[in-house]
Amino acid sequence: MCRWNRRLRVAALGLAFLAGPAVAAGQELSPDIQVDLYLVRADRLIQSQDYGAALESLDVVLALQARHGLETPADLWFKHAQVALDAGYPQTAVESVTRYLQLAGRRGEHYTRALVVLDQAQSRVAAAGPRPQAPAARMPVLEPGVTANDQAGQTEGGLTLFTMVGVNSATMAFAGPFNVDASQLTGITAGIGVAFPFPLGNLPLGVQLSAQWAEKGARTEAVEGEVAAHADVSFQSVDFMALARISPPGAPDLPFYALVGPYVSYELECRFAVSVSEGTESLSASDDCASFNDLNTRPVDFGLSAGAGFEMGTGSTRITIGALYNYGFQDVDRIIGQTARHRVLNIHAGIATIF
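### Brief notes about the overall build of the protein
- Along the protein, the regular secondary structure elements total seven helices and nine strands.
- Here the protein holds 355 residues, and 35% of them are scored as buried.
- Contacts spanning at least 24 positions in sequence make up 64% of the contacts within the protein whose residues lie at least 6 apart.
- With the model as given, the accessible surface of the protein reaches about 19,600 Å², and the carbon-plus-sulfur share is 60%.

Given below as structure tokens:
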């Protein structure tokens, strides 16, 4: 009986507000300003721990948004659930936090806390004992402009498609009779990928698969008196990565994650460029690596990738930034006794879309 009394009071409050003047001059505030006003009021009431009145204010906000076709953010359902639980209405809390989880999925900003609220609310509902007549499950109200099929797609959650572009700071580790002191060579990358959850027990794990076009290689320099020589060996390749995506333990809703796993790279092109200068005179040349007997390379490289990423935003489309270090195991130089292995630091950014 108390639950229906609360709803009648909220309905009366909402009707009185909508029917009456909103400012002293008799001009009605626009619906979005009314929403903001009642959100401010709810925050004030929450701070004073008047949860019943705060819940009524949030109910008016939801009514205004539904009446005027305004978007209801997923986070508002979580806030509504928290206040309903504190106000002593666990069934309302169950309905609202369920709505939040349906919209936000496992990638929601408040995912872990929402599960805690749901568990507490369900426990209180169960402790209250059976009801004379169990009400039919209330279907969540669809947001304006969202069809049932659209909502079903939103509630799946977990699958992320992303594109990325970045910069490589690459070098190579040489060993053998020819002691080469290599320095960094800068290149670019561009790729696509997919990530999806793959929990292992209580660990918040995921898998990230990606493919990218990449430039890498190394640069060497030698100066003796007025003579300066520079040589670049550069590669264009397609890199494939299968990485474990690890969120912070105990806080899977944080936007940080670590990445680790193997990579395989297939060489598309290898070029060698050299320039020699003495005073005002200079000489340069460039050709395929295969044209040089000492630069016969293996087309397949493999190794280990490790790094970290960060997502910005809470909607279905987010900006991602990250860094990966590729440590090559394969000796890409075919010369017996001489080894050359890739070392690449990649800084990238991109757009991720969550389904």
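### Considering helix α5 (residues 90-104)
- Over its 15 residues, α5 extends 21 Å from the first C-alpha to the last, a length consistent with the 21 Å expected when each residue adds 1.5 Å.
- α5 sits mainly inside the fold: twelve of its 15 residues count as buried.
- Of all the positions in α5, only Pro90, Gln91, Thr92, Ala93, Val94, Glu95, Ser96, Val97, Arg99, Tyr100, Leu101 and Leu103 are classed as buried.
- Directly after α5, the chain includes glycine 105, whose backbone phi takes a positive value near 70°.

### A look at the pattern of salt bridges
- All told, the structure shown has nine salt bridges when counted by the stated rule.
- Across the pair arginine 298 and aspartate 331 runs a salt bridge, and its minimum N-O distance is 3.9 Å. Within this pair, whereas arginine 298 is found in the loop between β6 (281-288) and β7 (300-312), its partner aspartate 331 is found in the loop between β8 (317-328) and β9 (339-354), the two being separated by 33 residues in sequence.
- The structure contains a network of salt bridges with shared partners spanning Arg107, Arg245, Glu311 and Arg318.

### Some points on the nonpolar core
- Residues Val97, Tyr100, Leu101, Ala114 and Val117 are the most contacted members of the largest nonpolar core, which totals 30 residues.
- Apart from the residues lying within four places of it in its own chain, the contact partners of valine 117 are Phe78, Ala81, Gln82, Leu85 and Val97.
- In this structure, Met172, Ala218, Ala231 and Cys270 belong to the second largest nonpolar core, which totals eleven residues.

### As for the pairing of β8
- Covered by surrounding structure in β8 are Arg318, Thr320, Gly322, Leu324, Asn326 and Gly328 only, the residues Thr317, Ile319, Ile321, Ala323, Tyr325 and Tyr327 on the alternate face being uncovered.
- Bridge count for β7 against β8 is ten bridges, and the pairing is antiparallel. Counterpart to glycine 307 in the pairing with β8 is leucine 324.
- In this sheet, β9 lies alongside β8 in antiparallel orientation, the contact comprising eleven bridges. For threonine 320, the partnering residue across the bridge sits in β9 and is glycine 350.

### Re the side chain of arginine 245
- Checked against the element boundaries, arginine 245 lands in strand β4 (residues 227-246).
- The class for arginine 245 is buried, based on a relative accessible area of 8%.
- A polar side-chain atom of arginine 245 sits 3.0 Å from a polar atom in the side chain of glutamine 208.
- Discounting residues that sit within four places of it in the chain, arginine 245 has contacts with Arg107, Ala195, Pro204, Leu205, Gly206, Val207, Gln208, Tyr257, Ala258, Leu259 and Glu311.

### Side note on unusual backbone geometry
- At glutamine 49, a position not held by glycine, the phi torsion is positive, near 65°.
- Within the element layout of this structure, glutamine 49 appears in the loop between α2 (31-47) and α3 (51-67).

### Considering the state of the cysteines
- If you walk through the whole model with that rule in mind, you get one disulfide.
- A sulfur-sulfur separation of 1.9 Å characterises the disulfide bridge that pairs cysteine 270 with cysteine 289. Looking along the S-S bond of the cysteine 270-cysteine 289 disulfide, the torsion reads about -65°, which is the left-handed sense. With cysteine 270 in strand β5 (residues 256-278) and cysteine 289 in the loop between β6 and β7, this pair connects stretches of sequence that are 19 residues apart. As far as burial versus exposure is concerned, cysteine 270 and cysteine 289 are alike and both buried.

### Focus on the packing of α5 against helix α6 (residues 111-127)
- Their axes nearest at 8 Å, the elements α5 and α6 cross at an angle of 150°. Comparing the axis directions of α5 and α6 gives the class roughly antiparallel. Our pair here, α5 against α6, has a crossing hand that is left-handed. When α5 is examined against α6, the residues Pro90, Gln91, Ala93, Val94, Val97, Thr98, Tyr100 and Leu101 are found in contact with a partner set consisting of Tyr111, Ala114, Leu115, Val117, Leu118, Ala121, Gln122, Arg124 and Val125.

The rules behind the values
- Residues numbered from 1 in each chain as written.
- Predicted model: local features only at pLDDT ≥ 70, side-chain atom pairs only at ≥ 80, totals over all residues.
- Heavy atoms only, no water.
- Helix = DSSP H or I, 4+ residues; strand = E, 2+ residues; numbered from the N terminus.
- Buried < 20%, exposed > 50% of the residue type's maximum accessible area, 1.4 Å probe, protein only.
- Contact = heavy atoms within 4.5 Å.
- Areas by Shrake-Rupley, 256 points an atom, 1.4 Å probe, with all protein chains shown as cover.
- Expected span 1.5 Å × (residues − 1).
- Salt bridge = Lys/Arg side-chain N within 4 Å of Asp/Glu carboxyl O.
- Core = buried A, V, L, I, M, F, W, Y, C linked by side-chain atoms within 4.5 Å.
- Pairing = 2+ DSSP bridges.
- Polar contact = N/O pair within 3.5 Å; in protein donor to acceptor, adjacent residues only side chain to side chain.
- Disulfide = S-S within 2.5 Å.
- Axes fitted to C-alpha atoms, helices over the stretch in contact; angles between N-to-C directions.
- Parallel < 35°, antiparallel > 145°, perpendicular 65-115°, else oblique.
- Left-handed = near helix turned anticlockwise from the far one by under 90°.

These results come straight from atomic positions and should not be treated as a statement about function.
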